Amino acid sequence: MRQKVLIANWKMSADFISISKFFKNISNFENVKVMVAPSYLGIIPSLGLVGDKNIEVIAQNISLPSLGNHTGSVSWIELKDYGIKTTLIGHPDAKLDFKEKNYQINQKLHKLIKNDIKAVVFIEENRVDLSKENTKENLKLQINQIFDGIDGLDLIDKVYLVYKPTFLGEISTRFDEKFVFDTIKIIREFLRNKFGYHIGNNLPIIYGGEIENDYIEQICKNNDLDGILIEDERALSHKYITVLYKHLYNDSNLAYTQHYDYKVLIDLPTENERIKDATKTIDFDMYDTSSETYFGEIKIIEEDI
């Protein structure tokens, strides 16, 4: 059964004092996957302050190059070295700031999956999409481009898909329960059609748009949704995070039963699909990193970075 998920993206809002207060006052969690995404500077203190609480510290982004002369970039290698096992990729902010395209997000996803790092992948819907005759085609296009060449079974184990309607919360636009839930249903059905029922039913989908308090319970109970990503000032509020957690916890045992009883059996993975390539090695695992000539021994191919 899929697990309910709660992600707090702190963007650039969390200084050391805020992070300290958050971890000091936050309770421990169970039965719900809770993640916090501080900035790069906030990762190290967060790892120290989280203690034994069941909260995963994740990254907000990674650079596409794995190494080289890229000032200001942080690669998956560095994050993994510090124990980071999950990162956001394809966030609308990052795509806007760094001019990232879907094919680049796809390249990042391939690297992360290959190197056993989980990805929180965003697909967005904006005002321009709403003005089109078929408003959902861009969502399907993003899924096709970002997941191109990805093994469907890896999506279940290593990917969280976040639907983020960026126009909600803007001037004259409020949360629309029917619009959001209908869109989530379309995304879930598209995943089933593209990957089969086993993968389509089990790939976690998270709502990452504007939330009004009156609709929290409905969002948490929705069978096609697996959780919430929160990003505004409430993401640093231990009280608000606890409220969301309690709703997700209460509903975690009620969801996913009604319409999976028969569909999940239609497209179970075959034995061949279950077998992973045990000989696959991640980048640089074959090198002795303790060697003084470590980097000198590596022949770097431009296409690999």
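Since the model is a prediction, treat every value here as computed from it, not as a measurement.

Parameters at a glance
Residues numbered from 1 in each chain as written. Predicted model: local features only at pLDDT ≥ 70, side-chain atom pairs only at ≥ 80, totals over all residues. Heavy atoms only, no water. Core = buried A, V, L, I, M, F, W, Y, C linked by side-chain atoms within 4.5 Å. Buried < 20%, exposed > 50% of the residue type's maximum accessible area, 1.4 Å probe, protein only. Helix = DSSP H or I, 4+ residues; strand = E, 2+ residues; numbered from the N terminus. Contact = heavy atoms within 4.5 Å. Pairing = 2+ DSSP bridges. Axes fitted to C-alpha atoms, helices over the stretch in contact; angles between N-to-C directions. Salt bridge = Lys/Arg side-chain N within 4 Å of Asp/Glu carboxyl O. Parallel < 35°, antiparallel > 145°, perpendicular 65-115°, else oblique. Left-handed = near helix turned anticlockwise from the far one by under 90°. Nonpolar A, V, L, I, M, F, W, Y, C, P; charged D, E, K, R; others polar. Phe/Tyr/Trp six-rings, centres within 6.5 Å; stacked < 30°, edge-to-face > 60°. Lys NZ or Arg CZ within 6 Å of the ring centre and 35° of its normal. Patch = residues over 30% accessible without salt bridge, like charges linked within 9 Å, V, L, I, M, F, W, Y side chains within 5 Å. Areas by Shrake-Rupley, 256 points an atom, 1.4 Å probe, with all protein chains shown as cover. Arc of directions from axis to C-beta.

Trainee: What exactly am I supposed to notice about the nonpolar core here?
Mentor: Across soluble globular proteins, nonpolar side chains have a tendency to be buried as a group. Leu6, Trp10, Leu109, Phe147, Ile187, Leu191 and Tyr207 are the most contacted members of the largest nonpolar core, which totals 68 residues. Considering each element in turn, this core owes the most residues, seven residues, to helix H9 (residues 177-195). Those residues in contact with Tyr207, other than ones at most four positions away along the chain, are Tyr163, Pro165, Leu168, Phe175, Val180, Ile219, Leu225, Gly227, Ile228 and Leu229. Among the nonpolar cores identified, the runner-up in size contains twelve residues, and Ile7, Ile58, Phe122 and Ile206 belong to it.

Trainee: Would you mind going over the sheet that holds strand E6 (residues 159-165) with me for this structure?
Mentor: What holds strands together in a sheet is hydrogen bonding between their backbones, with the strands either parallel or antiparallel. If you trace the eight strands from one edge of the open sheet to the other, you get E3-E2-E1-E8-E7-E6-E5-E4, paired in parallel fashion. Each edge of the open sheet is held by one strand with a lone partner, namely strand E3 (56-57) and strand E4 (86-89). Relative to the sheet, helix H5 (residues 102-114) contacts E4, strand E5 (118-125) and E6, its axis offset from that of E4 by approximately 170°.

Trainee: Is there a simple way to think about the pattern of salt bridges in this case?
Mentor: Pairing is possible between side chains that carry opposite charge, provided their charged atoms lie close to one another. In the structure shown here, the tally under the stated rule is 16 salt bridges. Salt-bridge contacts for Arg188 lead to Asp224; the nearest nitrogen and oxygen are separated by 3.9 Å. Residue Arg188 is found in helix H9, and its partner Asp224 is found in the loop between helix H11 (216-221) and strand E8 (227-230); the two are separated by 36 residues along the sequence. The exposure class of Arg188 is buried, given its relative accessible area of 0%. A residue is classified by how much of its surface remains accessible, and Asp224, at 7% relative accessible area, is buried.

Trainee: Hey, could you run me through the pairing of E6 in this one?
Mentor: For a regular strand, the rule is simple: side chains alternate between the two faces of the sheet. Counting buried residues along E6, seven of its seven residues qualify, which places the element largely inside the surrounding structure. In E6, alternate side chains face the same way, and those of Val159, Leu161, Tyr163 and Pro165 on one face and Tyr160, Val162 and Lys164 on the other are all buried. The pairing of E6 with strand E7 (residues 205-207) spans three bridges and is classified as parallel. Counterpart to Leu161 in the pairing with E7 is Ile205.

Trainee: Help me understand the environment of Val128, please; the structure alone is not making it clear to me.
Mentor: Structurally, Val128 can be placed in helix H6 (residues 127-130). As a C-alpha pair, Val128 and Phe167 span 39 residues in sequence and 9.3 Å in three-dimensional space.

Trainee: Would you take a moment to explain the packing of helix H1 (residues 16-25) against helix H2 (residues 40-49) for this structure?
Mentor: The axes of two packed helices give the description: the angle between them and the distance between them. One way to put it is that H1 packs onto H2 with a least axis distance of 10 Å and a crossing angle of 25°. Considering the angle they form, H1 stands roughly parallel to H2. H2 is crossed by H1, and the crossing has right-handed handedness. When H1 is examined against H2, the residues Phe16, Ile19, Ser20 and Phe23 are found in contact with a partner set consisting of Gly42, Pro45, Ser46 and Leu49. Here the contact of H1 with H2 is composed, by residue class, of five nonpolar, three polar and no charged.

Trainee: Could you clarify how one ought to interpret the packing of aromatic side chains in this entry?
Mentor: Aromatic rings considered in pairs are described by the distance between their centres and by the relative angle of their planes. Applying the stated criterion across every chain, the model contains eight aromatic pairs. Here Trp10 and Phe22 contribute two aromatic rings whose centre-to-centre distance is 5.0 Å and whose plane-to-plane angle is 75°, an arrangement assigned as edge-to-face. Remark: Phe22 occurs in helix H1 and Trp10 occurs in the loop between strand E1 (4-9) and H1; sequence separation between them is twelve residues. Classification of Trp10 by relative accessible area gives buried; the value is 1%. Ring centres of Phe22 and Phe23 lie 5.4 Å apart, and the angle between their planes is 85°; on these two criteria the pair is classed as edge-to-face. Exposure class is identical for Phe22 and Phe23. Each is buried. Chaining the aromatic ring pairs together yields one cluster made of Trp10, Phe22 and Phe23. Geometry around Phe195 places Lys194 over its ring, the cationic atom sitting 5.4 Å from the centre.

Trainee: Before we go on, may I ask you to explain a nonpolar patch on the surface in this structure?
Mentor: On the surface, Phe16, Ile17 and Leu49 cluster together into a nonpolar patch covering about 300 Å² of accessible area. Note on Phe16: relative accessible area 52%, which makes it exposed.

Trainee: Mind showing me how you'd approach helix H7 (residues 137-146) here?
Mentor: What sets the pattern is the α-helix's 3.6 residues per turn: residues three or four places apart point alike. Of the positions making up H7, those classed as buried are Leu139, Gln142, Ile143 and Ile146. Across the axial projection of H7, the buried residues extend over an arc of 100°, all falling on one side.

Trainee: Teacher, can you tell me more about the side chain of Glu212 here?
Mentor: Its place among the elements puts Glu212 in the loop between E7 and H11. Setting aside chain neighbours within four positions, we find Glu212 in contact with Arg174 and Phe175.

Trainee: Teacher, can you tell me more about the pairing of E8 here?
Mentor: Covered by surrounding structure in E8 are Gly227 and Leu229 together with Ile228 and Ile230, the residues of both alternating faces. Of the pairings in the sheet, the one linking E1 to E8 comprises four bridges and is parallel in character. Directly across from Leu6, in E8, lies its bridge partner Ile228. As paired elements, E7 and E8 share two bridges and run parallel to each other.

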